Amino acid sequence: MNYLSWALLGMVGYSFTTILVKLATRSGQFSSFVVLAIACIITMVSVIVIIYMRGDLQQLEPRDLVSSSALFAYATGIALTVAVSSLFKALSLGPASAVVPIYGMFIVGASILGFVFLHEPITVRKIAGIGFAVVSIVLLSR
(Lines give C-alpha, C1' and ligand atoms only; values in the text may rest on other atoms or scores of the structure.)
Protein backbone atom coordinates (compact mmCIF):
# COMPACT_ATOMS: atom_id res chain seq x y z
CA MET A 1 0.00 0.00 0.00
CA ASN A 2 1.20 3.52 -0.71
CA TYR A 3 0.99 6.50 1.64
CA LEU A 4 -2.40 7.59 0.26
CA SER A 5 -3.91 4.18 0.97
CA TRP A 6 -2.53 4.27 4.52
CA ALA A 7 -3.85 7.81 5.01
CA LEU A 8 -7.32 6.81 3.81
CA LEU A 9 -7.30 3.76 6.06
CA GLY A 10 -6.28 5.97 8.99
CA MET A 11 -9.05 8.42 8.19
CA VAL A 12 -11.62 5.64 8.16
CA GLY A 13 -10.23 4.27 11.43
CA TYR A 14 -10.35 7.65 13.15
CA SER A 15 -13.85 8.26 11.79
CA PHE A 16 -15.07 5.06 13.43
CA THR A 17 -13.04 5.78 16.57
CA THR A 18 -14.88 9.00 17.30
CA ILE A 19 -18.31 7.43 16.92
CA LEU A 20 -17.33 4.36 18.95
CA VAL A 21 -15.97 6.53 21.79
CA LYS A 22 -19.24 8.44 21.83
CA LEU A 23 -21.22 5.19 21.97
CA ALA A 24 -18.97 3.68 24.67
CA THR A 25 -19.26 6.71 26.95
CA ARG A 26 -22.89 7.61 26.28
CA SER A 27 -24.39 5.49 29.05
CA GLY A 28 -21.95 6.77 31.67
CA GLN A 29 -20.86 3.22 32.53
CA PHE A 30 -17.35 3.88 31.21
CA SER A 31 -15.49 7.17 31.55
CA SER A 32 -13.62 8.47 28.55
CA PHE A 33 -10.37 7.47 30.24
CA VAL A 34 -11.51 3.85 30.78
CA VAL A 35 -12.41 3.66 27.09
CA LEU A 36 -9.03 5.18 26.23
CA ALA A 37 -7.22 2.65 28.44
CA ILE A 38 -9.02 -0.25 26.77
CA ALA A 39 -8.27 1.18 23.32
CA CYS A 40 -4.60 1.75 24.21
CA ILE A 41 -4.17 -1.81 25.48
CA ILE A 42 -5.59 -3.15 22.23
CA THR A 43 -3.38 -0.76 20.25
CA MET A 44 -0.27 -1.66 22.25
CA VAL A 45 -0.77 -5.41 21.85
CA SER A 46 -1.47 -4.98 18.13
CA VAL A 47 1.61 -2.86 17.54
CA ILE A 48 3.85 -5.20 19.54
CA VAL A 49 2.68 -8.09 17.36
CA ILE A 50 3.33 -6.02 14.22
CA ILE A 51 6.85 -4.95 15.21
CA TYR A 52 7.66 -8.51 16.33
CA MET A 53 6.47 -9.94 13.01
CA ARG A 54 8.39 -7.29 11.04
CA GLY A 55 11.54 -7.88 13.07
CA ASP A 56 11.85 -4.21 14.00
CA LEU A 57 13.12 -4.93 17.52
CA GLN A 58 16.05 -7.00 16.27
CA GLN A 59 17.53 -3.89 14.67
CA LEU A 60 17.55 -1.84 17.88
CA GLU A 61 20.45 -1.49 20.28
CA PRO A 62 20.34 0.03 23.78
CA ARG A 63 22.04 3.23 22.60
CA ASP A 64 19.19 3.75 20.13
CA LEU A 65 16.88 4.42 23.08
CA VAL A 66 18.71 7.69 23.87
CA SER A 67 19.16 8.91 20.30
CA SER A 68 17.50 12.04 18.93
CA SER A 69 15.03 9.81 17.09
CA ALA A 70 14.10 8.17 20.39
CA LEU A 71 13.63 11.56 22.04
CA PHE A 72 11.27 12.56 19.23
CA ALA A 73 9.44 9.25 19.70
CA TYR A 74 9.03 9.96 23.45
CA ALA A 75 7.76 13.46 22.67
CA THR A 76 5.37 11.91 20.15
CA GLY A 77 3.99 9.69 22.89
CA ILE A 78 3.38 12.70 25.13
CA ALA A 79 1.73 14.70 22.34
CA LEU A 80 -0.42 11.74 21.31
CA THR A 81 -1.48 11.16 24.91
CA VAL A 82 -2.60 14.78 25.23
CA ALA A 83 -4.35 14.69 21.84
CA VAL A 84 -6.23 11.42 22.24
CA SER A 85 -7.06 11.93 25.93
CA SER A 86 -8.49 15.34 25.11
CA LEU A 87 -10.45 13.99 22.15
CA PHE A 88 -11.96 11.15 24.20
CA LYS A 89 -12.87 13.51 27.06
CA ALA A 90 -14.38 16.07 24.68
CA LEU A 91 -16.42 13.35 22.96
CA SER A 92 -17.76 12.17 26.30
CA LEU A 93 -18.90 15.72 27.13
CA GLY A 94 -20.12 17.18 23.84
CA PRO A 95 -21.66 16.34 20.49
CA ALA A 96 -19.41 14.51 18.04
CA SER A 97 -20.63 16.84 15.30
CA ALA A 98 -18.93 19.75 17.09
CA VAL A 99 -15.98 17.99 18.75
CA VAL A 100 -14.68 16.20 15.67
CA PRO A 101 -14.41 19.24 13.39
CA ILE A 102 -12.64 21.25 16.08
CA TYR A 103 -10.29 18.34 16.80
CA GLY A 104 -9.79 18.05 13.04
CA MET A 105 -8.13 21.45 13.07
CA PHE A 106 -4.97 19.50 13.88
CA ILE A 107 -4.65 19.32 10.11
CA VAL A 108 -4.22 23.09 9.96
CA GLY A 109 -1.90 23.07 12.98
CA ALA A 110 0.24 20.30 11.52
CA SER A 111 0.41 22.06 8.16
CA ILE A 112 1.62 25.28 9.77
CA LEU A 113 4.13 23.38 11.91
CA GLY A 114 5.36 21.66 8.72
CA PHE A 115 6.00 25.04 7.15
CA VAL A 116 7.78 26.40 10.23
CA PHE A 117 9.82 23.43 11.47
CA LEU A 118 10.21 21.18 8.41
CA HIS A 119 10.64 24.06 5.96
CA GLU A 120 8.06 22.59 3.62
CA PRO A 121 7.18 24.85 0.71
CA ILE A 122 4.35 27.33 1.21
CA THR A 123 2.20 27.68 -1.87
CA VAL A 124 -0.94 29.66 -2.67
CA ARG A 125 -2.82 26.36 -3.03
CA LYS A 126 -1.76 25.20 0.45
CA ILE A 127 -2.67 28.54 2.03
CA ALA A 128 -6.05 28.43 0.27
CA GLY A 129 -6.57 24.87 1.49
CA ILE A 130 -5.81 25.89 5.07
CA GLY A 131 -8.20 28.83 4.73
CA PHE A 132 -10.97 26.59 3.39
CA ALA A 133 -10.30 24.09 6.19
CA VAL A 134 -10.72 26.81 8.81
CA VAL A 135 -13.95 28.00 7.20
CA SER A 136 -15.29 24.45 7.03
CA ILE A 137 -14.50 23.82 10.69
CA VAL A 138 -16.25 27.03 11.72
CA LEU A 139 -19.30 26.05 9.67
CA LEU A 140 -19.36 22.45 10.95
CA SER A 141 -18.83 23.23 14.62
CA ARG A 142 -21.70 25.73 14.98
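The following paragraphs examine the structure supplied in this document.

The rules behind each value
- Residues numbered from 1 in each chain as written.
- Predicted model: local features only at pLDDT ≥ 70, side-chain atom pairs only at ≥ 80, totals over all residues.
- Heavy atoms only, no water.
- Helix = DSSP H or I, 4+ residues; strand = E, 2+ residues; numbered from the N terminus.
- Buried < 20%, exposed > 50% of the residue type's maximum accessible area, 1.4 Å probe, protein only.
- Core = buried A, V, L, I, M, F, W, Y, C linked by side-chain atoms within 4.5 Å.
- Contact = heavy atoms within 4.5 Å.
- Expected span 1.5 Å × (residues − 1).
- Axes fitted to C-alpha atoms, helices over the stretch in contact; angles between N-to-C directions.
- Parallel < 35°, antiparallel > 145°, perpendicular 65-115°, else oblique.
- Left-handed = near helix turned anticlockwise from the far one by under 90°.
- Nonpolar A, V, L, I, M, F, W, Y, C, P; charged D, E, K, R; others polar.

1. A short note on the environment of cysteine 40
(1) Moving on: Within the element layout of this structure, cysteine 40 appears in helix H2 (residues 32–54).
(2) Moving on: We classify cysteine 40 as partly exposed; its relative accessible area is 41%.
(3) Moving on: Sequence spacing of cysteine 40 and threonine 81 is 41 residues, and the spatial spacing of their C-alpha atoms is 9.9 Å.

2. What to know about the nonpolar core
(1) Moving on: Counting residues in each nonpolar core, the largest one holds 9 residues, listed as Val21, Val35, Leu36, Val84, Leu87, Phe88, Leu91, Ala96 and Val99.
(2) Moving on: For this core, the secondary-structure elements that each account for two or more residues are H2, helix H3 (68–93) and helix H4 (96–103).
(3) Moving on: Top element by residues in this core is H3. It accounts for 4 residues.
(4) Moving on: When near neighbours in sequence (up to four residues on either side) are disregarded, valine 99 contacts Leu87, Ala90, Leu91 and Gly94.

3. With respect to H3
(1) Moving on: Helix length check: H3, at 26 residues, gives a terminal C-alpha distance of 37 Å against a target of 38 Å (1.5 Å per residue), a fit within 8%.
(2) Moving on: For H3, every residue scored as buried is listed here: Ala70, Val84, Ser85, Leu87, Phe88 and Leu91.
(3) Moving on: Looking at the buried residues of H3, the elements they touch are helix H1 (3–26), H2 and H4.

4. Describing the packing of H2 against H3
(1) Moving on: Where H2 meets H3, the axes come as close as 9 Å, and the angle between the chain directions of the two elements is 135°. The orientation of H2 with respect to H3, classified from their angle, is oblique. As H2 packs across H3, the resulting crossing turns out to be right-handed. Seen from H2, the contacting residues are Ser32, Phe33, Val35, Leu36 and Ala39; seen from H3, they are Val84, Ser85, Phe88, Lys89 and Ser92.
(2) Moving on: Residue classes in the contact of H2 with H3 are distributed as 6 nonpolar, 3 polar and 1 charged.

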